[in-house]
Amino acid sequence: MVSSPTYDPLNVPGTIPDGAYINRFTSARFVPGSTFKLVTAAAALENLDDVYSFSINCTGKEDYGHGDEVTDLSAHGTVSLEKALEVSCNCYFGKLAEKVGGGLMEKYTEKCGLTKSYDIDGIETEASTFDYPDGGVNLAWTGIGQYHDMVNPCAMMVYMGAIANDGTAVLPKILSPQNFVEEKVDQAKTAVLKTDDMIDDTTAQSLASMMRNNVEKHYGGENAFPGLHLCAKSGTAEVGKGKKPNAWFVGFMQDENHPYAFVVLVENGGYGSEVAGSVANKVLQELK
């Protein structure tokens, strides 16, 4: 668990950086960007009979009338669910959110644990917040991970653990540095309390497969993440006010000997897989 900016309480500087008192992992919320597409996908997988056959022709933007539109970085052409997640097609996931509907989007955001406040060894995490429009461009942007979506990083990491663990999440536990050695990790894992199932096991397996495809086809595979066997989703979250986007990279190692879920957020860092993905690789290589 790393949060920056920070300061050493035993050597307090004369000027403390803005935001240094806030632990971003537990006590803050951020626009999730395309990482939230994993929630939209879960809702679709469990409720739409045509989820695998549904496709659109992405031209780079989708017009919703009255000057409202959903835009993409490029025209992706004909995409269905797996390809849309791989290239992170906004137009597709906007239309998918419409098919799912605002009511089910709200249900699955809650079911996937994003609106919960977790107790992490006595630390109460900040709950994520959302609005759920009935339809139109605002619902589309909600399903894409923009509009009023604000996600707590810890809650997103718990959801990644649920996907890795066939739908059942485990609550994170803080290990003291002296306990973080090989023989202590297994003992710590057994002490973690399990939550209710967040998604069906088949849904979790489908999402894991698609996240693995993301890494292999779009994020550089073994060249970028040697030996990690990652399943992941990036996010480039627009924050407005002329600032660079927040860069996200979330997922897990598909490795029984190293069963770690992770979330990396670089504020105003730019593109998710390029910036946050490199941070994830550096940390996970040390854990391997």
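Our structure is the block above this text.
The notes below deal with the structure included here. Everything quoted here is computed from the prediction, not taken from an experiment.

## Side note on the overall build of the protein
Part 1 of the argument: Looking only at helices and strands, the protein has 11 helices and 11 strands in total.
Part 2 of the argument: By the compact-globule yardstick of 19 Å for 288 residues, the protein fits well, its C-alpha radius of gyration being 19 Å.
Part 3 of the argument: A principal-axis box enclosing the C-alpha atoms of the protein has dimensions of 55 × 45 × 35 Å.
Part 4 of the argument: Residues counted as buried form 48% of the 288 residues belonging to the protein.

## Observations concerning the state of the cysteines
Part 1 of the argument: All told, the structure shown has 0 disulfides when counted by the stated rule.
Part 2 of the argument: With no disulfide of its own, Cys-91 lies 4.0 Å from the sulfur of Cys-58, the closest cysteine sulfur.
Part 3 of the argument: The class for Cys-91 is buried, based on a relative accessible area of 1%.

## Comments concerning the packing of aromatic side chains
Part 1 of the argument: For the structure on display, the rule yields 8 aromatic pairs.
Part 2 of the argument: Here a set of aromatic residues connected by ring pairs shows up, and it is made of Tyr-219, Phe-225, Phe-249 and Phe-262.
Part 3 of the argument: If you follow Lys-99 out to its NZ or CZ, it ends over the ring of Phe-54, 4.9 Å from the centre.

## Describing the packing of helix 2 (residues 37-47) against helix 4 (residues 90-100)
Part 1 of the argument: Direction vectors running N to C along helix 2 and helix 4 enclose 45 degrees, while the axes themselves pass 10 Å from each other. Between helix 2 and helix 4, the crossing angle belongs to the class labelled oblique. Of the two possible hands of crossing, helix 2 and helix 4 adopt the one that is left-handed. Contacts between helix 2 and helix 4 involve Lys-37, Thr-40, Ala-41, Ala-43 and Ala-44 from the first element and Asn-90, Phe-93, Leu-96, Ala-97 and Val-100 from the second.
Part 2 of the argument: Residue composition of the contact of helix 2 with helix 4, by class: 7 nonpolar, 2 polar and 1 charged.

## A short note on the side chain of Gln-146
Part 1 of the argument: Along the polypeptide, Gln-146 turns up in the loop between helix 6 (136-144) and helix 7 (153-164).
Part 2 of the argument: The buried category is assigned to Gln-146, whose relative accessible area is 13%.
Part 3 of the argument: Among all residues touching Gln-146, those that are not within four sequence positions of it are Val-31, Gly-33, Trp-141, Thr-236, Ala-237 and Glu-238.

## Topic: the sheet that holds strand 10 (residues 246-253)
Part 1 of the argument: Taken in spatial order, the 3 strands make up an open sheet running 9-10-11, and their pairing is antiparallel. Every interior strand has two partners, whereas the edge strands, strand 9 (230-237) and strand 11 (261-266), have only one. Neighbour-to-neighbour, the strand axes of this sheet turn through a mean angle of 10 degrees, independent of strand direction.
Part 2 of the argument: Note: strand 10 against strand 11, 6 bridges, orientation antiparallel. What sits directly across from Trp-248, in strand 11, is Leu-265.
Part 3 of the argument: Along the sheet, helix 7 makes contact with strand 10 and strand 11, crossing strand 11 at roughly 145 degrees.
Part 4 of the argument: Here helix 9 (residues 201-217) sits on the sheet in contact with strand 9 and strand 10, set at roughly 75 degrees to strand 9.

Here is what the cut-offs are and how they apply
- Residues numbered from 1 in each chain as written.
- Predicted model: local features only at pLDDT ≥ 70, side-chain atom pairs only at ≥ 80, totals over all residues.
- Heavy atoms only, no water.
- Helix = DSSP H or I, 4+ residues; strand = E, 2+ residues; numbered from the N terminus.
- Rg over C-alpha atoms; globule rule 2.2 N^0.38 Å.
- Buried < 20%, exposed > 50% of the residue type's maximum accessible area, 1.4 Å probe, protein only.
- Disulfide = S-S within 2.5 Å.
- Phe/Tyr/Trp six-rings, centres within 6.5 Å; stacked < 30°, edge-to-face > 60°.
- Lys NZ or Arg CZ within 6 Å of the ring centre and 35° of its normal.
- Axes fitted to C-alpha atoms, helices over the stretch in contact; angles between N-to-C directions.
- Parallel < 35°, antiparallel > 145°, perpendicular 65-115°, else oblique.
- Left-handed = near helix turned anticlockwise from the far one by under 90°.
- Contact = heavy atoms within 4.5 Å.
- Nonpolar A, V, L, I, M, F, W, Y, C, P; charged D, E, K, R; others polar.
- Pairing = 2+ DSSP bridges.

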